[in-house]
Amino acid sequence: MTGIIITDEARHWQQVAHKVAEEVVRPLAAKHDAAQEYPAAVRQAYIDNGLLGVWIPKEYGGHGAGIVALCLVIEELSRACGATGVAYAVNALGSFPIIVGGTEEQKSRWLPQIANGEKMIAFCLSEKFAGSDAAGMRCQARLDGDDYVINGEKKWTTNGGVASIYTVFTVTDPKSKSRRISGLVVEEGTPGFKIAKVEDKMGIRAVPVVETHFEDCRVPKENLLGGKPGLGFKHAMGTLDLARPGVAAQGLGLAQGALEYAVTYAMRRKQFGQNLASMGVIQDMLALMATKVEAARGLVYRAATAVDTGDKASVNRLAAMSKSFATDVAMEVTTNAVQVFGGYGYMKDYPIEKYMRDAKITQIYEGTNQIQRLVIARNLIKEASKFDYLNNYIPTESYNAYNSVTEESLDSEGVSA
Ligand code: CAA
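Here the structure is a predicted model, which means the values were calculated and not measured. (Residues numbered from 1 in each chain as written. Predicted model: local features only at pLDDT ≥ 70, side-chain atom pairs only at ≥ 80, totals over all residues. Heavy atoms only, no water.)

**Some remarks on the domain arrangement of the protein**
Accessible area lost during the coming together of the parts is what is often quoted as the interface size.
Here comes step 1: Looking at the protein, the domain boundaries give domain 1 (8-120), domain 2 (122-233) and domain 3 (234-410).
Here comes step 2: The gap between the C-alpha centroids of domain 1 and domain 3 is 24 Å.
Here comes step 3: A buried area of about 2,100 Å², summed over both sides, lies between domain 1 and domain 3, and 63% of it is on carbon and sulfur atoms.
Here comes step 4: Sorting the residues of domain 1 by area buried against domain 3 places Ile67, Glu75 and Arg79 first, and these three jointly supply 25% of that buried surface.
Here comes step 5: Linking domain 1 to domain 3 there are 3 salt bridges.
Here comes step 6: Note that Asp33 and Arg357 form a salt bridge whose closest N and O atoms lie 2.8 Å from each other.
Here comes step 7: Seen at the junction of domain 1 and domain 3, the total is 11 residue pairs in polar contact (both at pLDDT 80 or more).
Here comes step 8: Listed by contribution, the elements that provide at least two residues to the side of domain 1 that touches domain 3 are helix H1 (8-35), helix H3 (66-80) and helix H4 (82-101).
Here comes step 9: Element by element, the count of residues in the side of domain 1 that touches domain 3 is highest for H3, at 10 residues. (Domains from an automatic or database assignment. Buried area = accessible area lost by both parts, 1.4 Å probe. Salt bridge = Lys/Arg side-chain N within 4 Å of Asp/Glu carboxyl O. Polar contact = N/O pair within 3.5 Å; in protein donor to acceptor, adjacent residues only side chain to side chain. Helix = DSSP H or I, 4+ residues; strand = E, 2+ residues; numbered from the N terminus.)

**Let's talk about the packing of aromatic side chains**
Working definition: an aromatic ring pair is given by the centre-to-centre distance plus the angle between the planes.
Here comes step 1: With the rule as written, the count across this model stands at 10 aromatic pairs.
Here comes step 2: Between Tyr265 and Tyr350, the aromatic rings sit 6.4 Å apart at their centres with planes inclined by 85°, giving edge-to-face as the arrangement. You can see Tyr265 sitting in helix H6 (residues 232-268) and its partner Tyr350 sitting in the loop between helix H8 (312-341) and helix H9 (352-362), a full 85 residues away along the chain.
Here comes step 3: With relative accessibility at 22%, the residue Tyr350 sits in the partly exposed group. (Phe/Tyr/Trp six-rings, centres within 6.5 Å; stacked < 30°, edge-to-face > 60°. Buried < 20%, exposed > 50% of the residue type's maximum accessible area, 1.4 Å probe, protein only.)

Here it is as structure tokens:
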């Protein structure tokens, strides 16, 4: 079992992200939230500071700093603005299918452009009728000569319209059960590909979430991820295992940021002749918030370390645990931070209500927290035989008592005699 490993390099990227968050992200957060527009200055800051190469392997132009480093960056950005955290993180999500499943040629072609910030990338998996049930997708790609022709729609594509590259999961073999889906890379400007509805959202308003539509959209078969059809679902699931610690880090950053605001406000706000921070009821709230943030932090770094150390047996389970736990903590802590601010917390003049709005989606996207718990439970059940020896310690009397009940031993009202 691996614990938590944070390298000096990861700490370096955390410091870089902290500086970007405080100098560029936080001052712009409210403005871009209100206008629901992507902050170009923030994107430039990612590029100028090399942040878009953090998770991309060195051989493809990145820094190869790993998933712990990625999570530390996302946490720092989200601490200042949740929308910025996801706007950044979604580049990792979009590029993971190429990292997980791409051929050498595909990795060399697309990853360097993402690492240097020349191109941003998005991930198209969900559809109107296929959210949690990702395998139930309908968007199809048919091989026609040397091209795949895509028809259908994708829903909730984060960074849509800002990104230039899209990893799109499509049905290439409708009759197959296990090899039904394939990933294709679609570049901006491909005829038949268009950004349709731009969503009006509760939170993460500075990052666009859109529908992407494909109408006889032709992409060369060289864009088929892995070079073979039918690998798409595994690529998508493998991607989510790598990306979910990042959503967890987004939740962690939001919770940490909201806690910091709550403490600062509680020190300043006076009621009944004393500041809120000196009141036991408020101290109790702040203490619980801080404890949950720290517990979430441990789980997020642990899941990310499992990825970096190649602990394949634990990644699926820990990614789901960190995602569901840290984002539930984010919702609870941001809601309580609004409570500490009282009436002012509910108003948009104060920065805190945005944290609560930004937190909500983290419990939903990249797999609802209910789906995460399904994944965790499946892992537990799969490994349950490890505990078979405990059967020796579980008394069997109750089974015997039940089994000894026969029809003859029941009275006329069905009660055991
Ligand atoms: N890695 C590799 N392969 C995996 C895998 C993993 N983590 N999980 C499953 N698979 C494989 C299985 O081994 C199986 O392979 P075989 O057919 O060869 O046996 C195959 O995939 C099917 O697996 P399941 O039977 O477990 O599949 P399922 O249909 O029951 O679904 C699920 C599993 C966990 C519910 C999955 O559908 C899921 O994660 N759903 C949530 C979808 C999701 O997270 N969407 C997020 C959209 S992205 C987004 O939100 C981004 C954004 O905007 C920011």
